[in-house]
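Residue-level structural notes
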2 protein chains.
Amino acid sequence: MAVKDKGTEQLIKDTAKRIFFSEGKLHATTQDIADAAGVNRTLLNYYFRSRDILFEQVATEARQEMSAVLDPVFEAELEFKEKLEKLITVFMDQAMKFPYREMYVVTEFNRTSRVIPEEKKTIVKRFLKEISAEMDKGKIRKMDPKQFCINLFALMAYPLITTCLNKSLYNVNDAEYLKLMKDRKKLIFEMIYQ
Amino acid sequence: MAVKDKGTEQLIKDTAKRIFFSEGKLHATTQDIADAAGVNRTLLNYYFRSRDILFEQVATEARQEMSAVLDPVFEAELEFKEKLEKLITVFMDQAMKFPYREMYVVTEFNRTSRVIPEEKKTIVKRFLKEISAEMDKGKIRKMDPKQFCINLFALMAYPLITTCLNKSLYNVNDAEYLKLMKDRKKLIFEMIYQ
DNA sequence: ATTATGTTTAACATTTTTGTTAAACAACAA
DNA sequence: TTGTTGTTTAACAAAAATGTTAAACATAAT
């Protein structure tokens, strides 16, 4: 019945991630997750003690996966232009796979007002400096570098957390919306980098 | 104790809206709402029969309020440039007051995959045509009009649903973030209209 | 075959959240 | 006063979600 390859513990976590981050059911119950994983609900307690711990663990891994993918790009020794292109590609590929992960992190953050680790803030600060330097060079429109950063992430993240609404609003099917999202990579770059 | 001016029923709805849309506690319990309103929880059942009905009613009003504010702008007899400026001002003022209303509508939409009324789709179609015409005039960068629309709403909405996260990430206080958001009105316009 | 170990299950217990009822209360009219 | 209406409350009931326990099960080591 259950796929035992990677072990039940991993299966449960993967299922929880799928339900939360791919299907967007951010408030699924332990029973929902157990059913989707094809295991007895008790196993969630056996492996994770409590629902809160499972949720926290999954959320932490979500943040870590996001960092694991983005940090190397932020810290890469690349020209700003290349870094920006890379960032857009990497972020959007992730967000297309887990359209609700971003939203989950945001809502969780609102709920708990978690503290952002200094190391993360340092990365952001360095990126803001790079943006500033690029503005001085005249490569991008002059503005508060924070605004540039906010624009960038807004353009990347929002269309993916509103996928469902947009498909309905603009009358496009899955394939067409996927194409729109793929096209956005180039489009976003052209919008913010001149 | 309770402010009885507008009646308890209205007080409960207003409190629910505040908790959901201003404070972002999208999954507050009936007890949470009753406490915040300073009334007995039973009153929520007395006035609304069930939690679901209260939630549905509040969600419906949220959509109506959003429409009441946005539709007149969409349908106004204005030059595209003026319409766009107006739209940005109106939408962002609303979103600053109820930063989570947008997110609530999105998550609710994901959960229930509600059908969007034809009348709403018509408004969107007309707006897309206006965008198209403006591109032909060379007033805005050429692209799929849907992409233009997606960009616009992304730039307006996302920074407000990530307020909490951004303040922490960029080390800015409430006042500074408010200024950033106010400045965005002009900035967004300049970004998408040349 | 037996023991030991980790895994899974069913049955039960607890907690949290929601819904119902009947009675108390206040304001007002007859 | 009494009755009427709508509002509020406390006590209770029910449902939903979560957590615990002990026993069954499988597998491999002794």
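- Identification of chain A as TetR/AcrR family transcriptional regulator from Pedobacter frigiditerrae is taken from an unreviewed UniProt entry.

Here we look at the nonpolar core
- Counting 142 residues, the largest nonpolar core has Phe20(A), Ile33(A), Leu152(A), Phe20(B) and Leu152(B) as the members making the most contacts within it.
- Among all residues touching Leu152(A), those that are not within four sequence positions of it are Leu84(A), Leu87(A), Ile88(A), Phe127(A), Ile188(A) and Ile192(A).

Concerning the protein's contact with DNA strand D
- The environment of DNA strand D is formed by 13 residues, the closest being Thr30(A), Arg41(A), Arg51(A), Thr8(B) and Tyr47(B).
- Protein-adjacent atoms of DNA strand D, using a 4 Å cutoff, are sugar or phosphate at a proportion of 51%.
- One of the backbone nitrogen or oxygen atoms of Asn40(B) is found 3.2 Å away from a phosphate oxygen of DNA strand D.
- The side chain of Tyr47(B) places a nitrogen or oxygen atom 2.8 Å from a phosphate oxygen of DNA strand D.
- Sorting the residues of the surface near DNA strand D by element identifies α3 (42-48) of chain A together with α3 (42-48) of chain B as the ones contributing at least two each.
- With 4 residues, the single largest contributor to the surface near DNA strand D is α3(B).
- Partitioned by chemical class, the residues of the surface near DNA strand D number 3 nonpolar, 8 polar and 2 charged.

Let's talk about the interface of chain B and chain A
- Opposite the 46 residues of chain B that make contact, chain A presents 46 residues.
- Here chain B and chain A share 0 salt bridges between them.
- The interface formed by chain B and chain A holds 10 residue pairs in polar contact (both at pLDDT 80 or more) in total.
- Among the elements of the structure, α6 (101-112), α7 (118-136), α8 (145-161), α9 (163-169) and α10 (174-192) of chain B are those that each provide at least two residues to the side of chain B that touches chain A.
- Counting residues per element, the side of chain B that touches chain A draws most heavily on α8(B), at 12 residues.
- Of the residues belonging to the side of chain B that touches chain A, the class tally is 28 nonpolar, 9 polar and 9 charged.

Let's talk about the relation of the copies chain B and chain A
- The two copies are related by a screw operation: chain B maps onto chain A through 180 degrees of rotation and 0.0 Å of translation along the axis, at an RMSD of 0.1 Å. Both chain copies can therefore be described as sitting about a two-fold axis. Taking C-alpha positions as reference, the residue of chain B nearest the rotation axis is Ala154(B), located at 2.7 Å.

Structural notes on the confidence of the model for chain A
Residue and element names in this part refer to chain A.
- On average, residues of chain A carry a pLDDT of 91, and 96% of them reach 70 or more.
- Confidence, expressed as mean pLDDT per element, reaches its minimum in chain A at helix α6 (residues 101-112) with 76 and its maximum at helix α10 (residues 174-192) with 97.
- A low-confidence stretch, residues 1-5 (pLDDT under 50), is modelled with 5 contacts involving residues beyond four sequence positions or located in other chains.

Digging into the pattern of salt bridges
- Within the structure shown, the criterion is met by 36 salt bridges over all chains.
- Residues Asp93(A) and Lys185(A) are paired through a salt bridge, measuring 2.7 Å at the closest nitrogen-oxygen approach. With Asp93(A) in helix α5 (residues 80-97) and Lys185(A) in helix α10, this pair connects stretches of sequence that are 92 residues apart.
- For Asp93(A), a relative accessible area of 36% gives the class partly exposed.
- Lys120(B) is the salt-bridge partner of Asp71(B), the closest N and O atoms lying 3.2 Å from each other. Of the two residues, Asp71(B) sits in helix α4 (residues 51-75) while Lys120(B) sits in helix α7, which places them 49 residues apart along the sequence.

Conventions adopted
Within each chain, residue numbers correspond to sequence positions counted from 1 in written order. Here the convention is simple: chains get letters from A, ligands get numbers from 1, in the order in which they are written. Thresholds applied to this predicted model are a pLDDT of at least 70 for local features of residues and 80 or more for the giving and counting of side-chain atom pairs; totals over whole chains, interfaces and linings are not thresholded and use all residues. Computation of side-chain values: all heavy atoms of the structure, hydrogens and water removed. Among the buried residues, those of types Ala, Val, Leu, Ile, Met, Phe, Trp, Tyr and Cys that are joined through side-chain atoms within 4.5 Å form a nonpolar core. Here the term buried applies to any residue with accessible area under 20% of the maximum for its type, exposed to any over 50%, and partly exposed to those in between, with areas from a 1.4 Å probe on protein chains only. Every residue pair with non-hydrogen atoms within 4.5 Å of one another is taken to be in contact. Residues are counted as near a molecule or strand when any one of their heavy atoms sits within 4 Å of it. Pairs of N or O atoms are called polar contacts if they sit within 3.5 Å, as long as, within protein, a hydrogen donor faces a hydrogen acceptor (for residues adjacent in sequence, only side-chain-to-side-chain pairs). Helix and strand assignments come from DSSP, with helices taken as H or I runs of at least 4 residues and strands as E runs of at least 2, each series counted from the N terminus. Lys, Arg, Asp and Glu make up the charged group, whereas Ala, Val, Leu, Ile, Met, Phe, Trp, Tyr, Cys and Pro make up the nonpolar group; the residues left over, Gly among them, are polar. Within this document, salt bridges are pairs made up of a side-chain nitrogen of Lys or Arg and a carboxyl oxygen of Asp or Glu, the two lying within 4 Å of each other. Alignment of the copies relies on least squares applied to C-alpha atoms, considering only residues that score at least 70 for pLDDT in both. Think of pLDDT as the predictor's per-residue confidence, scored from 0 to 100.

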